[in-house]
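If you want the building blocks of each chain, they are given just below.
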Amino acid sequence: MVGIEEVAKLAGVSTATVSRALSGRGHVSPASKAKVVDAAAQLGYVVSSNASSLASGRTRNVGVVIPFLNRWFFASVLEGAQQALLRHGYDVTLYNLSGDGRERSSVFEHFLLRQRVDAVVAVSLELTEHEVQRLHDLGKPLVGVGGPIPGVRTLTIDDAAVARLATEHLIALGHRRIAHIGGDLEFDLDFHLPTNRRLGYEAALRDAGVEPDPRIFAPADFTIQGGYHAAKQLLGVPHDRPTAIFAASDEMAIGSILAARDLGMVVPRDVSIIGIDDYDLSEFFGLSTVAQFPRGQGEKAVEILMEQLEPGPDAAPPAATPLPFELRVRSSTAVPPER
């Protein structure tokens, strides 16, 4: 097999330069890196992951812990993180916690502590002080996505502000009887996303002089089916039917559009509907939404993680980094019908 010494000889550089150029760790001039990459390609040299791990004490593997894999938002964050890690030469080990609480305990008490990963990205998980401390004790860099975690670099979306923006869009169109489809108790465990989005919705209504009506709130499970069934109940009432629906996710909003159509209603003539996410099918359905760029969240988490794995002299202290969001108005929202 071709060794690193042969690559160094052909490229006219030291073995240390070859190591830095092919691992991505440490500074190498663009010209030297190009020579090393060209020499490695000519000789068919492939970096040995075992040798690299022994030399550096690193596995070049990052653990991503996620609560659901079969939901678009989480899969999109994972996709962004995985693509960014691959660009940096890291493998990914995925821990899906969609089962019971024992799975979470097993992951944090055993799997992440077996020295198989260099760092951890936790997506939409409100880590306990004990979980954070166990990882810090082992020197494992940690980045959170979804909400503030004390002592941890985190990416946070202001769920109350996102919900307020969506609701204010409906209010600005003239709607006053605005229903809300939010998450059920299953989704209120980490960072209380459903509660915060409901609070933002209610705050926007009160600022407009409208008292929130609990009768036009319906819980669902962040799926198209869940949104469909919730909207059927909200729109099927014989009196005081809402003129608009704010759903806490685009999937539930799309379910609401389908429910309205099955009831013989036209969106937005009879009811306006807005969601949150900018789900892949949202534009197809003409859904107005507040985009929160989940793939970008995964990429940004890896960017922060790389800063921790290769800290510079001006490395940022643990803090919460706010995430961007953006109102996208499409054809599912309009002025309310005249009554």
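Scroll up to find the structure this text is about.
Residues numbered from 1 in each chain as written. Predicted model: local features only at pLDDT ≥ 70, side-chain atom pairs only at ≥ 80, totals over all residues. Heavy atoms only, no water.

Things to note about the sheet that holds strand β2 (residues 91-96)
Condition: Pairing between strands is defined by DSSP: at least two bridges between them are needed. Secondary structure is summarised from DSSP: a helix means a run of H or I of at least four residues, a strand means a run of E of at least two, and numbering begins at the N terminus for each. Every axis corresponds to a line fitted to the C-alpha atoms, with the helix fit spanning only the stretch in contact, and the corresponding angles, defined between N-to-C directions, vary from 0 to 180 degrees.
With parallel pairing, the six strands of this open sheet are ordered in space as β2-β1-β3-β4-β5-β11. Each edge of the open sheet is held by one strand with a lone partner, namely β2 and β11 (320-322). For this sheet the average axis-to-axis angle between neighbouring strands, irrespective of direction, equals 20°. In this sheet, strand β3 (residues 119-123) lies alongside strand β1 (residues 61-66) in parallel orientation, the contact comprising four bridges. Bridged to Val65 within β3 is Ala122.

Points about the packing of aromatic side chains
The following threshold applies: Here is the rule: rings of Phe, Tyr and Trp (six-membered ring for Trp) pair when centre to centre is within 6.5 Å. Planes less than 30 degrees apart are stacked, more than 60 are edge-to-face, and the remainder are tilted. Think of it in three bands: residues with accessible area under 20% of the maximum for their type are buried, residues over 50% are exposed, and the middle band is partly exposed, with areas taken using a 1.4 Å probe on protein chains only. Note on criteria: charge over ring means Lys NZ or Arg CZ within 6 Å of the ring centre, with the direction from the centre no more than 35 degrees off the ring normal.
The full count for this structure, using the stated rule, is five aromatic pairs. Taking 5.4 Å as the distance between ring centres and 80° as the angle between the ring planes, the aromatic pair formed by Trp72 and Tyr279 counts as edge-to-face. Note that Trp72 is positioned in helix α5 (residues 72-87) and Tyr279 in the loop between β9 (272-277) and β10 (288-291), a separation of 207 residues in sequence. Exposure remark for Tyr279: the relative accessible area of 14% places this residue in the buried category. Between Phe284 and Phe285, the aromatic rings sit 5.4 Å apart at their centres with planes inclined by 85°, giving edge-to-face as the arrangement. Among the aromatic side chains, those forming a connected cluster through ring pairs are Phe68, Phe73 and Phe74. Above the plane of the ring of Tyr90 lies Arg60, whose end atom (NZ or CZ) is 4.3 Å from the centre. The ring of Phe217 carries Arg198 above its face, with NZ or CZ at 3.7 Å from the centroid.

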